[in-house]
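# Geometric and topological summary
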Amino acid sequence: MSVPVLSVRDLRTHFFTRAGVVKAVDDVSFDLAAGEIMGLVGESGSGKTVTGFSLLGLVDAPGRIVGGSIKLNGTELVGMSQRGLRARRGREISMIFQDPIATLNPMLTIGQQMRLAMEAHERTSRRGADTRAAELLSQVGIPSARERLGAYPHEFSGGMRQRVAIAVALLHRPSVIVADEPTTALDVSIQAQILFQMRDLARETGTALIWISHDLAVVSSLASKLAVMYAGRIVEQGPTATLLRDPRHPYTAGLIASLPATAEPGAPLSQIPGTTPSLLSLPKGCPFAPRCARASDVCATDPALEARGDRAWRCFHPVGLSEGAVS
Amino acid sequence: MSAFLSVANVSRSFGPNLTTGEKIAARLGASVETRHVQAVSGVSLTVRKGETLGLVGESGCGKSTLGRLIAGILPPSEGTVQIDGAPVMQGGRKVTTRVQTVFQDPFASLDPRMKVGMTVAEGPIAHGLTTKAQAKAYVAEWFGRVGLDPAWVDRYPHQFSGGQRQRIAIARALAMQPDVLICDEPVASLDVSIQAQIINLFLQLQRDLDLTCVFISHDLSVVRHVSERVAVMYLGRIVELGPVGQVFERPAHPYTAALFGSVPKLVLDADELVHFEPIEGEVPSPLSPPPGCHYHPRCPLASEVCALDIPPLRDVREGRVAACHHAEAQLQRY
């Protein structure tokens, strides 16, 4: 593998609330190469969004990064000044959020917003900015882009707004884009168009992409590798196809088995019992143990990340391996 | 096929509520917005006793409005809905308790200031299905059936997780002892691992209580799993209806084919990237839908006739109907 553009090691982001310390991200590590697409999968509260926010230094009080390292193109971001982060946000790393209505300023035209985003990092002429903005808008599939620069966000449909947000994220050709459920609010036919385009854009521009989603089907058709999060930790990571075909962590296996697409129509679905634990009162040891059919006494201690080739998992009783092979 | 739930030629439009002054101004030729959105137009369908009909389509296609029309929450502009031969609405008022609804968002559909036990008991007490004295036992029974601890009846909604709230919403609907249940995206706001629990609960209750269901969802894999037949809607019209397996495997309407083709599938065996076939363009504004077949501007099979004539729903196969001039050509593509 080539030199990673983004290298995250032992990242810990905790929130210091009145009710106690919430370990929203606990010991997260991964690498991302240029042009690579990684899917970050998990349920609500698993820490996938906070991981994304941490990468951009967007975690607000009472939360903060308490440990670990984030290296972007070799530069350490943890502990960097706000000024330093601002210089990199949007230029080297940018983010696409779930709700395009909330991310665009309703009072400014699309052209104005894109110009502001450009001027944040470089001097441009108005004409030069407009040309570049129009170019990007047509690249993300907005018809008659030049004329639409004067339009306001409310004049666009949801799918078109998300395309504008993607164009803004692409403005400075960043090394990494963090996309937080960008197609969840969109219709399936629009989602398919955008997924298709993002895949091509990542390939053409060499931008690496972290695609945060709760939808395994979406990431399976987009990402080349996956990281599955549960209760603030990555419980399993590896190449998409092998991970989905042959999951190691019982949580991953349970998620895949519970999808209606993998079951006989009308038959009961296999279900994971119980609910996700509160991050304020995590069980001791493996946080998945209370819901896990494979759990034993040893699960009361924290399982370490077990790496085998390009795969890794955090489990004492991985699925698909005999017990003898583990010890 | 004997119809238990029958929807006959139902339409519903939404328009601005004009003041008298605006009406006069419009008469005199002033530019007042008088356009109407035809949310549901001329929908007819039947559902057998104990059957689950899936209703799919993109946002704005009218599937939720149709659900509300069947449930008697909205009066139709035209047409009638009947359950077992009796109308759901009369004179703009709902006249039956035989149809109940489970809504998408269990955070919005439960009164945050009412104890959940009371939320479930309210309807049955009002309609004489139980008495105030017996309400506690009645509610406890329904709590048990949906997998909730009967000891929780005195709690408030905020004390429950999303999946538990959806169980409460299901208990509230079923405590009215309906024959027909409308499920409007009941699992869309739930986490994946909780979705399976609620779907299993739904399948079991539907069988135990012999419920007739209309299951609305944008998630095609969920609809395929729970339904026997499926109706596909586009801009207020049903474009295809038939047994779920056949419709999914061999769609007769080009929109159905395109919709199913654009859903990301869980890829377990491919090491290379999957091929997508996104539909071109976007859903047109329902304020000014295209003439003829609403889908023709995006349709690869469209010809001149499609822009002129509205294709009627017609039989294309045993038990299957589609509203397309070129349904035979579409079926040939497989």
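Our subject is the structure listed above.
Residues numbered from 1 in each chain as written. Chains lettered and ligands numbered in written order. Predicted model: local features only at pLDDT ≥ 70, side-chain atom pairs only at ≥ 80, totals over all residues. Heavy atoms only, no water.

## Some details on helix α5 (residues 162-174) of chain B
All names here are of chain B.
- Across its 13 residues, α5 extends 18 Å between first and last C-alpha, which sits within 8% of the 18 Å expected from 1.5 Å per residue.
- Burial analysis of α5 places 11 of its 13 residues in the buried class, the great majority of the element.
- By the burial criterion, the buried members of α5 are Gly162, Gly163, Arg165, Gln166, Arg167, Ile168, Ala169, Ile170, Ala171, Ala173 and Leu174.
- Close packing links the buried residues of α5 with β8 (99-102), α3 (116-126), α4 (135-145), β9 (180-184) and α6 (192-209). (Helix = DSSP H or I, 4+ residues; strand = E, 2+ residues; numbered from the N terminus. Expected span 1.5 Å × (residues − 1). Buried < 20%, exposed > 50% of the residue type's maximum accessible area, 1.4 Å probe, protein only. Contact = heavy atoms within 4.5 Å.)

## Observations regarding the sheet that holds strand β10 (residues 212-216) of chain B
Residue and element names in this part refer to chain B.
- Strands sit in the order β8-β9-β10-β3-β11-β12-β14-β13 across an open sheet of eight strands; the sheet is mixed. The two strands at the open ends of the sheet, each matched to only one other strand, are β8 and β13 (314-317). For this sheet, the mean inter-axis angle between neighbouring strands, taken without regard to orientation, is 25°.
- Here strand β3 (residues 52-56) runs beside β10; their pairing, made up of four bridges, is parallel. Bridge pairing links Gly54 to Phe215 in β10.
- α6 rests against β3, β9 and β10 of the sheet, and its axis sits at about 155° to β10.
- Contacts from helix α9 (residues 254-261) reach β11 (229-234) and β12 (237-243) within the one sheet, and its direction differs from that of β11 by about 100°. (Pairing = 2+ DSSP bridges. Axes fitted to C-alpha atoms, helices over the stretch in contact; angles between N-to-C directions.)

## As for the pairing of strand β1 (residues 6-17) of chain A
All names here are of chain A.
- Pairing analysis gives 10 bridges linking β1 to strand β2 (residues 20-32), with the strands arranged antiparallel. Residue Thr17 lies in a different strand from β2, and its bridge partner there is Gly20.
- Adjacent in sequence and paired antiparallel, β1 and β2 are bridged by two residues.
- With eight bridges joining them, β1 and strand β4 (residues 63-72) adopt antiparallel strand pairing. Counted as the bridge partner of Leu6 is Leu72 from β4.

## Looking at the pairing of strand β6 (residues 93-96) of chain A
Residues and elements named next belong to chain A.
- Side chains Ile93 and Met95 project from β6 onto one buried face, and the interleaved Ser94 and Ile96 project onto a second face that is buried too.
- As defined by bridge partners, β6 adjoins strand β7 (residues 176-180) across four bridges and the pair is classed as parallel. By the bridge assignment for β7, Ser94 is matched with Ile177.

## Focus: the pattern of salt bridges
- What the rule picks out here adds up to 22 salt bridges over all chains.
- Put simply, Lys48(A) and Glu181(A) hold a salt bridge, and the shortest N to O gap is 3.8 Å. Residue Lys48(A) is located in helix α1 (residues 48-55), and its partner Glu181(A) is located in the loop between β7 and α8 (188-205); the two are separated by 133 residues in the primary sequence. Both residues of the pair, Lys48(A) and Glu181(A), count as buried.
- Linking Asp179(B) and Arg98(B) is a salt bridge whose minimum nitrogen-to-oxygen distance equals 2.5 Å. You can see Asp179(B) sitting in the loop between α5 and β9 and its partner Arg98(B) sitting in the loop between β7 (93-94) and β8, a full 81 residues away along the chain.
- Taken together, the shared-partner salt bridges in this structure form one network comprising Arg12(A), Asp26(A), Arg233(A) and Asp302(A). (Salt bridge = Lys/Arg side-chain N within 4 Å of Asp/Glu carboxyl O.)

## Considering the packing of aromatic side chains
- Inspection of every chain in the model, using the stated rule, returns 10 aromatic pairs over all chains.
- Relative to Tyr251(A), the ring of Tyr230(A) has its centre 4.5 Å away and its plane inclined at 50°; by these criteria the two rings are tilted. In this pair, Tyr230(A) sits in strand β9 (residues 225-230) while Tyr251(A) sits in helix α11 (residues 250-257), placing the two residues 21 residues apart along the sequence. Pair check on accessibility: Tyr230(A) and Tyr251(A) agree, each one buried.
- Relative to Phe160(B), the ring of Trp152(B) has its centre 5.9 Å away and its plane inclined at 65°; by these criteria the two rings are edge-to-face.
- Put simply, the rings of Tyr230(A), Tyr251(A) and Phe288(A) touch in pairs and so form one group of aromatic residues. (Phe/Tyr/Trp six-rings, centres within 6.5 Å; stacked < 30°, edge-to-face > 60°.)

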